[in-house]
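Observations on chain architecture
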Amino acid sequence: HGYELIMQSLQVSDEDMEQFESGFDSRENDISSDVSNQRFSLWGASIEMFLKTPIVGTSFENFASYAKENIPDSFLIKDKTVAFDRFHNMLFDILAAQGIIGIAIFLTLAAISGITAVKHTVKSLKTENAVLYIAMLGLLLTALCSAMFTSDLVYINTPVAAIFWFVLGIIL
């Protein structure tokens, strides 16, 4: 009875509710037949978008509208179960949003930061802060691995992003 009261107070029609529930059914079927949880299709859509504007990209907040206008057959537009606004991978997000220029700058800064972080961690092994530096490096690596399957480090303010950039600043 409580569920019905909530739906009535939200003024959700029966038709909207059926569409909502059918989206869950089709999403559940997709997940059971796709080990990537649609990420492979999303990543392919990011490559399609990158190939349309390879030098400078499309801008991050422009993915859906750009795809609608320029690549309407893209998975980003064709999939009706979820409205995707990110590619669930930090590198694919940057590649589509900023093109070759953006990914080159990001990878250069990432390489420099990574090398510096490892050097500082190795240098700290002879100090009382060794465990702290190893933990911080582990945290950074964990967040980077997570960013290969979620979009939570760049172009967004999340607790993970705040902690990642704060710890990176400390370790550098």
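Please read all numbers here as calculations on a predicted model, not as lab measurements.

So, how was this worked out
- Along every chain, residues carry numbers that run from 1 in the direction the sequence is written.
- Local features in this predicted model are restricted to residues of pLDDT 70 or higher, and side-chain atom pairs are both shown and tallied only at a pLDDT of 80 or more, whereas totals for entire chains, interfaces and linings draw on every residue.
- Each side-chain value is derived from all of the structure's non-hydrogen atoms; neither hydrogens nor water enter the calculation.
- Secondary structure counts use DSSP, requiring at least four H or I residues in a row for a helix and at least two E residues in a row for a strand, with both numbered from the N terminus.
- To estimate how far a helix should extend, the number of its residues minus one is multiplied by 1.5 Å.
- Relative accessibility decides the category of a residue: with a 1.4 Å probe and only protein chains considered, values under 20% of the type maximum give buried, values over 50% give exposed, and everything between is partly exposed.
- Here the arc refers to the set of directions running from the helix axis out to each C-beta atom.
- The score called pLDDT rates the predictor's confidence residue by residue, from a low of 0 to a high of 100.
- Here the term cavity refers to a set of points on a 1 Å grid, laid over the protein atoms alone, in which a 1.4 Å probe fits but cannot get out; the term pocket refers to an open set having protein on both sides within 12 Å along at least five of seven lines, with lining residues being those that place an atom within 4 Å of a point.
- Grid points are joined across faces, edges and corners, and a volume is the space filled by probe spheres set on the points.
- Classification convention: Asp, Glu, Lys, Arg as charged; Ala, Val, Leu, Ile, Met, Phe, Trp, Tyr, Cys, Pro as nonpolar; all other residues, Gly among them, as polar.
- Aromatic contacts are taken between Phe, Tyr and Trp rings whose centres are within 6.5 Å, Trp giving its six-membered ring; a plane angle under 30 degrees counts as stacked, one over 60 as edge-to-face, and the others as tilted.
- Exposure above 30% relative accessible area and the absence of a salt bridge qualify a residue for a patch, where like charges join within 9 Å and nonpolar side chains (Val, Leu, Ile, Met, Phe, Trp, Tyr) within 5 Å.
- Accessible areas in this description were obtained via Shrake-Rupley with a 1.4 Å probe; residue shielding takes into account the shown protein chains only.
- By definition here, a salt bridge exists when the distance from a side-chain nitrogen of Lys or Arg to a carboxyl oxygen of Asp or Glu is within 4 Å.

In this model helix H3 (residues 39-52) runs 20 Å from its N-terminal to its C-terminal C-alpha over 14 residues, within 8% of the 20 Å that 1.5 Å per residue would give. Of the positions making up H3, those classed as buried are Arg39, Leu42, Trp43, Ala45, Ser46, Met49 and Phe50. Around the axis of H3, the buried residues are gathered within 155° of arc, so they sit on the same side. Those residues of H3 that are exposed and angled more than 90 degrees off the buried face are Phe40 and Leu51.

Summing up the model confidence of the protein chain, the mean pLDDT is 84 and the portion of residues at 70 or higher is 79%. Helix H6 (residues 90-124) holds the highest mean pLDDT among the elements of the protein chain, 96, whereas helix H2 (residues 14-33) holds the lowest, 58.

Moving on to the layout of surface pockets. What the largest pocket holds in volume is close to 400 Å³. In terms of lining residues, the largest pocket is bounded by 22 residues, among which Ala110, Ser113, Leu144, Phe164 and Leu168 are the most central. Class assignment for the residues of the lining of the largest pocket results in 18 nonpolar, four polar and no charged.

Note on aromatic pairs: each is described by the distance of the centres and the angle between the planes. The tally for this structure, following the rule as stated, stands at seven aromatic pairs. Here the aromatic rings of Phe60 and Phe63 are separated by 5.3 Å at their centres, their planes lie at 75°, and the arrangement is edge-to-face. Site record: aromatic cluster; members linked through ring pairs are Phe40, Trp43, Phe92 and Phe149.

This part covers a nonpolar patch on the surface. There is a patch of nonpolar side chains on the surface, built from Ile55, Val56, Ile100, Ile101, Ile105 and Leu109 and spanning about 560 Å² of accessible area. The topology assignment puts Ile101 in helix H6.

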